[in-house]
Structures are given as structure tokens and as C-alpha cells.
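Listed below, chain by chain, are the residues.
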Amino acid sequence: MPRFAANLSLMYTELPFLARFAAAARDGFRAVEYLFPYAYPAQELAQALNQHGLQQVLFNAPPGGRTVQDMARAWDGGMRGTLCLAGEEDSFRLGVWEALRYAQVLQCPRIHVMSGLVPPGAAAQALRSTVLANLRWAAQTAADVGVEVLIEPINGRDMPGYYLQTQDQAHSLVQTVAALNLKVQMDLYHCQIMEGDVATKLRKYLPTGRVGHIQIAGVPERHEPDMGELHYPYLFDVIDTLGYAGWVGCEYRPRNGTSQGLGWMAC
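Residues numbered from 1 in each chain as written. Predicted model: local features only at pLDDT ≥ 70, side-chain atom pairs only at ≥ 80, totals over all residues. Heavy atoms only, no water.

Peer 1: Would you explain the overall build of the chain in this entry?
Peer 2: Of regular secondary structure, the chain possesses nine helices and eight strands. What you see for the chain is a C-alpha radius of gyration of 17 Å, in line with the 18 Å of a compact globule of 267 residues. Overall, the C-alpha framework of the chain stretches about 45 × 40 × 30 Å when taken along its three principal axes. A burial count over the chain gives 55% of its 267 residues as buried. (Helix = DSSP H or I, 4+ residues; strand = E, 2+ residues; numbered from the N terminus. Rg over C-alpha atoms; globule rule 2.2 N^0.38 Å. Buried < 20%, exposed > 50% of the residue type's maximum accessible area, 1.4 Å probe, protein only.)

Here it is in C-alpha cells:
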């Protein structure tokens, strides 16, 4: 079986956020991810990780904002990233710097930069130019401190208008930038909704070494991966056969309590 990381933004929501670290450790997780850390001091989160023997494996760079306070509120304010937004380069860089500061304190090896929503009437080529310039800067800046930068295709049903929606699009950007620490975050839930043929895509992309993280959830309800139209035991075998040694993030919404729904991990 792959190595699983609990996503503390979607799992254990019956508990206050800082109590979720202990709950994940009690359930046998050795790694965690979550959307954003910016509402909490980095040292406080590091203490929670150390206290419970957990490794931080992923979090998102801020989806917007120029101060830490604004970055912490940006998601709830409807912001979904600045990677593709011409004229927001300063916000993008401030967010990446803040994410890297947290990554160093949390000893987290990778951050995800959100692409953002396509502005009305925007030209696709202009967006690509902005994206490539931002990714080149982010990859170099992160490489200087030993951190990977990830980009993730997200389905247009859950996030209408999101710039990055398919695996091919993401891998094209990664190949064009050609930075060793720039990789794709492959969420199988989003991939199934947008494209399907998930096992074939795993076989296509994992051997390239350009997939830096995988995430899972049942489709279409985004519950545990033991129900829905994806057969995860088969996909886990595919992932193992391909030699993927990274983490698999459990980015799903439990149906009836997190701990009660973890039976799928024993399959």
C-alpha cells in the first residue's frame, strides 16, 4: 500500500484544527497535509508536528493577499491563487516567500502554488506567459532553500474558471520550465472528474518523475476512497507497481466521522 498522509483541512473537522494532529497520529498516520497554515504561527504548528511524531508533507502557498493576515483570510474571501494573474506578480512572490518561510520552520519539502481563476476576457497565451514567468521565479527561489514547487489541475465543477484543469496542461508547463524542483500534484479525484482513464494517466506520468505528490478521494461525492466510481484497491496496486515512493494525501470529506471511516486503509 502507498504511504498515506491525512489532510487536516478536510479530515477530523469534528475537532479544533490544532487537535487534529493528535487524532491523526492516534489513527496511525505518520504524515499530514492541509490547505493553509497562515492562521497559526509556524512554531506552534511545528510543535504539534514534533509532539505527535508527524511529518508535514504539503501545504498551499497563499491564494492571495499581501500581508500574513490577508493571506490567512484570502481563501474565505474567494481568492484561488495568483499564478495566472498578470499584474499580481508582487502578490504571488510575497505569497511564495511566506510559504517558503513556513516550509523551512515545518521542515516541509514541498508547497503547492494555486493557479487562480481565469479573468473574464483574458487571452490564453497572455496567461501562459504570466504563468511560465511566475513558475520560473518560484522554482528558482524554492530551489535555493531545497523546496519543491507543485502545480495541480483542479476540476471545473468544484472550481469553475480555474486556470489549470488537465494533467497534460500541467505537465506541459513543467516540461517548458524544466526546473528539477517543479512538479505536478496529481489529484485522482480531480483527474477522474475532468478526464477519466486514471490508471492510464498514472502509467503515463509517474515514470517521468514529474509527479511530486498524489491525492485521493471518492468520486463524485469526495468521501472516503472505498465508494464511488474509482476502484482504489486497483489504483493503489498500479501506484505500487510503478514504484511511486512519495506520499498519497487523503483529501476527502469523511461521511460519518474521520476515525470511523478509515477501514479502507486496512484493505
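Peer 1: Whenever I open this one, the nonpolar core confuses me. Can you help?
Peer 2: Side chains of nonpolar character tend, in soluble globular proteins, to be buried together. Core analysis: the largest hydrophobic core is formed by 86 residues, its most contacted members being Phe21, Phe59, Leu188, Leu202, Ile214 and Ile216. The leading source of residues in this core is helix 5 (residues 124–143), at eight residues. Dropping the residues within four chain positions of it, Leu202 is found in contact with Met186, Leu188, Pro207, Ile214, Leu235, Val238, Ile239 and Leu242. Formed by six residues, the second largest nonpolar core is a distinct cluster that contains Ala31, Val57, Leu58 and Trp247. (Core = buried A, V, L, I, M, F, W, Y, C linked by side-chain atoms within 4.5 Å. Contact = heavy atoms within 4.5 Å.)

Peer 1: Where do I start with the sheet that holds strand 1 (residues 3–7) in this structure?
Peer 2: Pairing between the strands of a sheet comes from backbone hydrogen bonds, and it takes one of two forms, parallel or antiparallel. Strand order in this closed barrel of eight strands is 1-2-3-4-5-6-7-8, and the pairing throughout is parallel. Neighbouring strand axes in the sheet, compared pairwise and without regard to direction, differ in orientation by 30° on average. When strand 7 (residues 211–216) meets strand 8 (residues 247–250), the two strands line up parallel, connected through three bridges. By the bridge assignment for strand 8, Ile214 is matched with Val248. (Pairing = 2+ DSSP bridges. Axes fitted to C-alpha atoms, helices over the stretch in contact; angles between N-to-C directions.)

Peer 1: What is the right way to look at the environment of Gln47 in this model?
Peer 2: Position of Gln47 among the secondary structure elements: in helix 2 (residues 42–51). Gln47 gets classed as exposed once you look at its relative accessible area, which sits at 53%. Along the chain, Gln47 and Gly65 lie 18 residues apart, while their C-alpha atoms are 26 Å from each other.

Peer 1: How do you make sense of the environment of Gln104 when you look at a structure like this?
Peer 2: Here Gln104 shows up in helix 4 (residues 89–106). Taking the C-alpha atoms as reference points, Gln104 and Ile151, 47 residues apart in sequence, are found 19 Å from one another.

Peer 1: Looking at this structure, how should I read helix 9 (residues 232–241)?
Peer 2: Since there are 3.6 residues in each turn of an α-helix, residues three or four apart along the chain are aligned in direction. Within helix 9, the full set of buried residues consists of Tyr232, Leu235, Phe236, Val238 and Ile239. One side of helix 9 holds all its buried residues, which, seen down the axis, span an arc of 160°. In this structure, the buried residues of helix 9 make contact with strand 1, helix 7 (188–194), helix 8 (198–205) and strand 7. (Arc of directions from axis to C-beta.)

Peer 1: Help me out: how do you make sense of the packing of aromatic side chains in this one?
Peer 2: Aromatic ring pairs: the centre-centre distance and the angle between the two ring planes describe each pair. Taken as a whole and judged by the stated rule, the model has 14 aromatic pairs. With 5.2 Å between their ring centres and 65° between their planes, Phe4 and Phe236 make a pair best called edge-to-face. Taken together, the residues Phe4 in strand 1 and Phe236 in helix 9 connect sequence positions 232 residues apart. Neither residue differs from the other here; Phe4 and Phe236 are each classed as buried. Plain terms: the ring middles of Tyr38 and Phe59 are 6.4 Å apart, the flat faces sit at 80° to each other, and that makes the pair edge-to-face. (Phe/Tyr/Trp six-rings, centres within 6.5 Å; stacked < 30°, edge-to-face > 60°.)

Peer 1: Where do I start with the pattern of salt bridges in this structure?
Peer 2: Any two side chains of opposite charge can pair, on the condition that their charged atoms come close. For the structure shown, the criterion picks out 10 salt bridges. Lys201 is the salt-bridge partner of Glu195, the closest N and O atoms lying 3.9 Å from each other. Assessed through its relative accessible area of 26%, Glu195 is described here as partly exposed. Connected through shared salt-bridge partners, Arg110, Glu148 and Lys183 make up one network. (Salt bridge = Lys/Arg side-chain N within 4 Å of Asp/Glu carboxyl O.)

Peer 1: Any chance you could explain the packing of helix 5 against helix 6 (residues 167–177) here in plain terms?
Peer 2: The angle between the axes and the distance between the axes are what describe a pair of packed helices. Packing of helix 5 against helix 6 brings their axes to within 10 Å, and their N-to-C directions diverge by 55°. Compared by their axis directions, helix 5 and helix 6 come out oblique. Note on packing geometry: the crossing formed by helix 5 with helix 6 is right-handed. Together, Arg128, Val131, Leu132, Leu135 and Arg136 of helix 5 and Ser172, Leu173, Thr176 and Val177 of helix 6 make up the contact between the two elements. (Parallel < 35°, antiparallel > 145°, perpendicular 65-115°, else oblique. Left-handed = near helix turned anticlockwise from the far one by under 90°.)

Peer 1: How do you make sense of the environment of Gln43 when you look at a structure like this?
Peer 2: By secondary structure assignment, the location of Gln43 is in helix 2. Distance from Gln43 to Val105, taken between C-alpha atoms, is 6.8 Å for residues 62 residues apart in sequence.

Peer 1: Looking at this structure, how should I read the pairing of strand 5 (residues 148–151)?
Peer 2: Residues Glu148 and Leu150 of strand 5 are buried on one face, and the alternating residues Val149 and Ile151, pointing to the opposite face, are buried as well. The sheet contact formed by strand 4 (residues 110–112) and strand 5 spans three bridges and is parallel. In the sheet register, His112 faces strand 5, and the bridge partner there is Leu150. Handedness of the crossover joining strand 4 and strand 5 through helix 5 is recorded here as right-handed. (Right-handed = clockwise from strand over helix to strand, strands pointing away.)

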